[in-house]
Amino acid sequence: MLVAPAVQIPVLRGRAREQAAIGHLLRRAAHGHGGVLLIEGDPGSGRSALLAHAVRQAPGFTRMRVLGLPGEGDLPYAALQRLPVAPPARRPRTADQRLRLCTRVLDALVARSRERPVLCLVDDAERVDPPSLEVLAFLARRAGEHRIAVVFAGTSGPPVDGTTLRLAPLDPTTATDVLADHGVGGQLAEVLVGLAGGNPAALHDLARSLTPGQRRGAEPPPAGLPADGALRGAYRIRLRSLPPTTRRALLLLALDDGLDPAALARLGGGALAAAERCGLLRGAGFTHPAAREVVCDDATLAERQRAHRVLARLLTGDAHRLRRLLHLAAATPPPDARLAAEIERAVGSVVDCRVGSVALERAAELTPDAGPASARRAAAARFAWLGGDPVRARRLLARSGATGSLLAGEIALRGGTACAAFELLLAAADELTATLPDRAWRALVLAGEAVCLDGNHGRYAAVLRRAAVLRRRGDLDPLRSAQVAGLAAVLRGDHERARPALRSVLDAATSDPEELTSAATAGLLLGDDAAAHRTLERAAELARSSGAVALLPRLLELRTFVDYWLGSYEAAAASAREGLEVARACGQHAAAGNLVGLLALLGALRGDAPECMRWMRELRSGSHASRPRALVQWALAVLDLVAGRSADALRRLVTMADATVLIQMTAAPYLVEAAAAAGDPGAARAAAGMFDRWAAATGDPTRRALAARCRALLAPRGSADALEQFEQALLLHPADGGEFERARTELLLGRELRRARHPRDARPHLHRAAEGFALLDMPVWAAQATTELRAAGEACDLPTPAGLTLTAQQQRIAQLVAGGATNREVAAQLFLSTRTVDHHLRNIFSRLGVRSRTELARTL
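Presented here is an overview of the structure given in this document. (Residues numbered from 1 in each chain as written. Predicted model: local features only at pLDDT ≥ 70, side-chain atom pairs only at ≥ 80, totals over all residues. Heavy atoms only, no water.)

**Considerations on the overall build of the protein chain**
Thinking step 1. In terms of regular secondary structure, the protein chain is built from 43 helices and seven strands.
Thinking step 2. Once local pairs closer than 6 in sequence are excluded, the contacts in the protein chain between residues at least 24 apart make up 64%.
Thinking step 3. Counting only carbon and sulfur atoms, one obtains 54% of the accessible surface of the protein chain, whose full area is about 37,400 Å².
Thinking step 4. Distance between charge centroids for the protein chain: 5 Å, based on 110 positive and 90 negative side chains. (Helix = DSSP H or I, 4+ residues; strand = E, 2+ residues; numbered from the N terminus. Contact = heavy atoms within 4.5 Å. Areas by Shrake-Rupley, 256 points an atom, 1.4 Å probe, with all protein chains shown as cover. Lys, Arg positive; Asp, Glu negative; His and termini not counted. Charge placed at Lys NZ, Arg CZ, Asp CG, Glu CD.)

**Comments concerning the side chain of Q214**
Thinking step 1. Within the secondary structure, Q214 is located in helix α8 (residues 212-216).
Thinking step 2. Residue classification places Q214 among the buried residues on the basis of a relative accessible area of 12%.
Thinking step 3. For Q214, the side chain forms a polar contact with the main-chain oxygen of P220, separated by 3.0 Å.
Thinking step 4. If we ignore the near neighbours within four places in the chain, the residues touching Q214 are L188, S209, E219, P220, P221 and P222. (Buried < 20%, exposed > 50% of the residue type's maximum accessible area, 1.4 Å probe, protein only. Polar contact = N/O pair within 3.5 Å; in protein donor to acceptor, adjacent residues only side chain to side chain.)

**Here we look at the pattern of salt bridges**
Thinking step 1. According to the stated counting rule, one finds 57 salt bridges in the structure shown.
Thinking step 2. Note that E611 and R614 form a salt bridge whose closest N and O atoms lie 3.3 Å from each other. Of the two residues, E611 and R614 both sit in helix α30 (residues 609-621), three residues apart, roughly one turn of that helix.
Thinking step 3. One salt-bridge network, in which partners are shared between bridges, spans R47, D124, E126, R127 and R238. (Salt bridge = Lys/Arg side-chain N within 4 Å of Asp/Glu carboxyl O.)

**Side note on the side chain of E361**
Thinking step 1. Here E361 shows up in helix α16 (residues 353-366).
Thinking step 2. Given a relative accessible area of 10%, E361 falls into the buried group.
Thinking step 3. Beyond its immediate chain neighbours, meaning those up to four positions away, E361 contacts A380, R392, R395, L396 and R399.

**Here's the deal with the packing of α16 against helix α18 (residues 390-400)**
Thinking step 1. Where α16 meets α18, the axes come as close as 12 Å, and the angle between the chain directions of the two elements is 25°. The pairing of α16 with α18 is recorded here as roughly parallel in orientation. Considering the relative orientation of α16 and α18, their crossing is left-handed. Contact with α16, carried on its side by S357, V358 and E361, involves R392, R395, L396 and R399 of α18 and no other residues of that element.
Thinking step 2. Per-class residue counts for the contact of α16 with α18 are two nonpolar, one polar and four charged. (Axes fitted to C-alpha atoms, helices over the stretch in contact; angles between N-to-C directions. Parallel < 35°, antiparallel > 145°, perpendicular 65-115°, else oblique. Left-handed = near helix turned anticlockwise from the far one by under 90°. Nonpolar A, V, L, I, M, F, W, Y, C, P; charged D, E, K, R; others polar.)

**Focus on the packing of helix α15 (residues 337-347) against α16**
Two packed helices can be described by the angle between their axes and the distance between those axes.
Thinking step 1. For the pair α15 and α16, the least separation of the axes is 8 Å and the interaxial angle reads 160°. In terms of orientation, α15 and α16 fall into the roughly antiparallel class. For the element pair α15 and α16, the recorded crossing hand is left-handed. Where α15 abuts α16, its residues A337, L339, A340, I343, E344 and V347 lie against G356, A359, L360, A363 and L366.
Thinking step 2. Along the lines of polarity and charge, the residues of the contact of α15 with α16 split into nine nonpolar, one polar and one charged.

**Details of helix α21 (residues 437-454)**
Thinking step 1. Compared with the 26 Å implied by 1.5 Å per residue over 18 residues, the 25 Å span of α21 between its first and last C-alpha is a close match.
Thinking step 2. Judged by how many residues are buried, α21 sits mostly within the fold: 13 of 18 residues are covered.
Thinking step 3. Once α21 finishes, G455 follows within two positions and takes phi at roughly 90°, a positive value. (Expected span 1.5 Å × (residues − 1).)

**What about the nonpolar core?**
Thinking step 1. Counting residues in each nonpolar core, the largest one holds 141 residues, and the members touching the most others are I343, W634, Y670 and F773.
Thinking step 2. By residue number, the principal contributor to this core is helix α33 (residues 661-677), which donates 12 residues.
Thinking step 3. Once residues within four sequence positions are removed from consideration, Y670 is found in contact with Y564, L605, W634, V638, L641, L653, F740, E741 and R744.
Thinking step 4. L210, Y235, A307 and L311 belong to the second largest nonpolar core, which has 45 residues in total. (Core = buried A, V, L, I, M, F, W, Y, C linked by side-chain atoms within 4.5 Å.)

Pasting the structure below:
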């Protein structure tokens, strides 16, 4: 027996609101209360797919479809031929004749609706001839009184009183899901999502056009939409239906989208109105990049050159100098050394990186000599990189030769692996030392950053050797030389010697956002968080104003650390989320991975395990070039500490020896806490000593307070030295800012006093800890402080559903078990035997009426 294959119904993603509206309209029509729905959207936005969905949802309806066809917009009543009504033999001339025709069509559909409800679909409504549209609108206005549903879809609809839904572009997550339906994911999906601009048809076109090599990653991804795709075909049909004057005006607009309204009016605003009606334009811009590409591709070379010369004449004055030169260059066959040099000079006053990249690439094409042309392509590649277009930057680099190795190293540092970036940057420094020493210094600074990210600090010696060569040659860049020397001292642990060099970097007066980023890094290492924050704000402002968005992920990553040290975790999370969005848009996968790791850490610090694990899952499923292993281990260790699994936390934290210096020092207090709680203080003495030296060198009260807390935790339990260090830490914590760390110090001191059998002395500290965590809206930490208070004899019982209460010991055990601790871990933390914990746990289960640890966690 042969079985017909099942028909696969296409998935409509991101259109739930529209599908619900269609379902509501059909249900009302089936019960005698029809109506009209207008679905407006650009070509390729899914209008026809929604009409097909309506057909599938109306199996018991009589379905009629009217389609606006190209070339029939001026044929009266052409569209009515698709309805079960004979079109008029003669065109109605008077209003009375038109009314009779409208009434005849309505009566015919009403008669049909008495047998079965009627669904009338009008696709591409903007192309339906006006007389037919008048009849359909007449029908739609009266559909509510009958079992008739009318759905219009197009760039615009007729003037009827009904629900209008405007189809928005798909968001990146939904667009990624659409590509996943085609088996496309990872970095390739990110590139395609950027090209599609949220247009569903563009996503389908791109996915279907991929070669096997592109799917495997063996070939570069597409640079644009396929020429034979459905979306470009739809725009091409619309374009060719327009009159020549409109097409000429569209070409001018396509070649320069920065024209002001006055210039647009001179082009012929009336001519452009027709393009807006058919869906190529919205306002003064194209509805999709594909529309612009079709307009340019459909014009001949002579037409494009003529349009460029017209635009060059329109753009007058110094403000439009570069744009005028570019239009002249587009109309000039290469080579033209004079025009290329003029363009390069004009780029010096450009504040938009993307424009600068386009200009320098054109200058390179006009340059007759290979050497200068290669240098201009390398400069164009750097502008493209700064403007957030790494694909274009790599393409230009491939044509620029060896002069682009510095940029190749920087791209690898942000988007690839630190190890590969280090080798590229050292090669760039060697190549540039003799000819461009200032760039060689920059390569060495970036190579130092790669060493820190890679964790193999011994490789910094190669950076120092090359820096010594530059100094011997007399090629001294004071700022970058100080950076290299300062970081070398930091890596040696000589923070006192690092201070003068780092301070000179922080205090240097500069308006270069890249140099300001280095200055902010120096500020963080100096512990001058306020100065680092001001510097980063200034750098971000300059980067945004110049369109250098590629600098923002690193800036915002550093600002996340600064916000952390300032005690503003909400601001830190906001910085990380903003940086993540920009990093993904710029294709900086390594930076994106670091920012996701920071977001996971911030979730853990708040005690929000679900939020932390959500970011962890994103790291596993995302297309990050490298996983931020140190940040992941730190975040999981914090969750372990919250749950009382100190041995697990210690095991994770001791693996962070290859983390960046900044992460090592920032995480050191958690390593010390885990080691002390696990009864292995020796595992953290080296880290505590490193942190103590750094804190003393910075002079920052918060860091010095944490250093004192570390000394207290490593001192013998209950000793006078431990209590003295705890008290010193509380005195050092600043009154404004750092409330979380102050509350943590109070909690640790209270716990220390309770375990040393001083519950009365412990309770004031635990009270302050609980209040501090509550004010910060950190309920998990507040619960820890409250549990310690109960264990110290405070009468703050935990209510249960049965109105019963647990003893203080039972409450402590219940909280630890609910947090995921095993009986053995609970026993170790509370200094009890495993058998005693088992006994208490059976009593807890009995009193609370639960049968499992999961039920216990849910009950608490």
